[in-house]
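The chain contents come next:
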Amino acid sequence: PVEFRSETDSETPNSEDLFQNSIRPLVSIIVPTFMEAANLPVLIPQVFEALNECGMTAEILIVDDNSPDETSKVCAELAEKYPVQLLVRKTERGLSSAVLHGLNHAQGSVLLVMDADLSHPPRKVPELVAAALEQQGDFVIGSRYVVGGSTDDDWSFFRWLNSQVATWMSRGLTTAKDPMAGFFALTRHTYEQARELNPIGYKIGLELIVKCGCRKVAEVPIHFKDRLHGESKLSLKEQLNYLRHLARLYRFKMGQWFTPLLFGLVGASGAIVDLVLLTLMLTVASFPVARAVAICGAMSWNFLGNRFITFSDRKQESLGFQYLKFCGSCTLGAIISWGLSTFMWTQFSEVLHTPQIAAAIGILGGVVMNFLLSNYLVFPQ
Ligand code: GDD
């Protein structure tokens, strides 16, 4: 069963376009690999067995980032028996860019991406291909989260939560239930609609849904297994990259007003840091001193948020230099924030009741000034 989800109503591409060049293999399967020599000899035969049963022809492109294992030897052996091509990248590294490399070299009318480690069931490949060809969606996901989909029972709570939070954060970009999936298919026609592909991190499927302007996402239920051999390469760094990637995608979809919105969200989190620090500092210091320390802490927090999220697509100078520039540009806002809150607290403490309210008024005063200076001076276009 294929669950059909519509982003908005739209025209579907002409199916005849898909077959305009009958010499091309019908399906190109892109498999990004790093250290997967043990898995490939299991994966490739299973994929071709599934395709042959359905009478589909395919090429497999393995995009390897110069793995120091036996990947090239294994691929050479497999190529004697199957239409397998190894593309080795020596200077670049990364899952998403490897997938794009494969997509750009693919000859097929339908493009399918899957992991090498047998997390994605090879027998489901024909179903995804058929759904793409029949235009049940302009993007087809092998999904864990639709009816009939599942993961191994021993998936840790942390991994499940991680996946759910990441999916929830992408809600404004797609209604797909499993947009984090690395098992998906799309037609060449859809891929050719892509604009400004520049993914960071792991979520190349989400990048394609957004940048190809996919309006209909179909989800085929799959059982997602733990990898057969080896280890996942999904590090904490990749998870932080996901936040940067999301910021880019939202900016792409929503336009430039997203930057002030994000700046506001980082600032709002900084305001919480400010108030928490103020409350702690008030136990050992006077209001003006506590407020000054809280402002410095919040400023550092805001700098990190803006460098790594809000303005992550801008020119990146050295961390220390940009930090000093940021603090310099915030000085005026900080003085306004400190001065206003100290004035409010000394003059109106009886009306305001708590020092946090005085601080909040000061924070508001500083925010507008800080955005203007950051946008035009610290992180220019
Ligand atoms: N070329 C290349 N370069 N391939 C890579 C790299 C890289 O830097 N990093 C990972 N890969 C390959 C792996 O060899 C594997 O075939 C595939 O990309 C997935 O990598 P894993 O490290 O096994 O991913 P995972 O199991 O943690 O993540 C899985 O779940 C995600 C959703 O939760 C994958 O299925 C992802 O595709 C999926 O997004």
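Throughout what follows, the structure given in this document is the object of discussion. From a predicted model like this one, the values you see are computed outputs, not experimental measurements. (Residues numbered from 1 in each chain as written. Predicted model: local features only at pLDDT ≥ 70, side-chain atom pairs only at ≥ 80, totals over all residues.)

Time to look at the environment of Pro221. Counting through the fold element by element, Pro221 comes out in strand 9 (residues 216–221). For the pair Pro221 and Val147, spaced 74 residues apart in sequence, the C-alpha to C-alpha distance is 6.7 Å. (Helix = DSSP H or I, 4+ residues; strand = E, 2+ residues; numbered from the N terminus.)

Looking now at the pairing of strand 8 (residues 184–187). Along any regular strand, the residues point their side chains to alternate faces of the sheet. Burial of strand 8 is two-sided: the residues Phe184 and Leu186 facing one way and the residues Ala185 and Thr187 facing the other way are all buried. Sheet analysis places strand 5 (residues 110–113) next to strand 8, joined by 4 bridges and oriented antiparallel. Residue pairing for strand 8: Val110 is matched across the bridge by Thr187. Pairing geometry for strand 6 (residues 139–143) and strand 8, over 2 bridges, is antiparallel. Pairing of Val140 across the sheet is with Ala185, part of strand 8. (Buried ≥ 20, exposed ≤ 12 C-beta atoms within 10 Å, placed from the backbone. Pairing = 2+ DSSP bridges.)

What follows is about the nonpolar core. By size, the foremost hydrophobic cluster in this structure holds 68 residues, and its most contacted members are Ile30, Leu112, Val140 and Ala185. Looking at this core, the element that brings in the most residues is helix 1 (residues 40–53), giving 6 residues. The next biggest cluster of nonpolar side chains, apart from the first, holds 21 residues, and it includes Ala298, Cys330, Met344 and Val367. (Core = buried A, V, L, I, M, F, W, Y, C linked by C-beta atoms within 7 Å.)

In this section: unusual backbone geometry. Phi is positive for Met35, which is not a glycine, with a value near 60°. Here Met35 shows up in the loop between strand 2 (27–33) and helix 1. Here His353, not a glycine, exhibits a phi torsion of approximately 70°, which is positive. Assignment of secondary structure puts His353 in the loop between helix 11 (319–352) and helix 12 (355–378). Given 10 C-beta atoms within a 10 Å radius, His353 is considered exposed.

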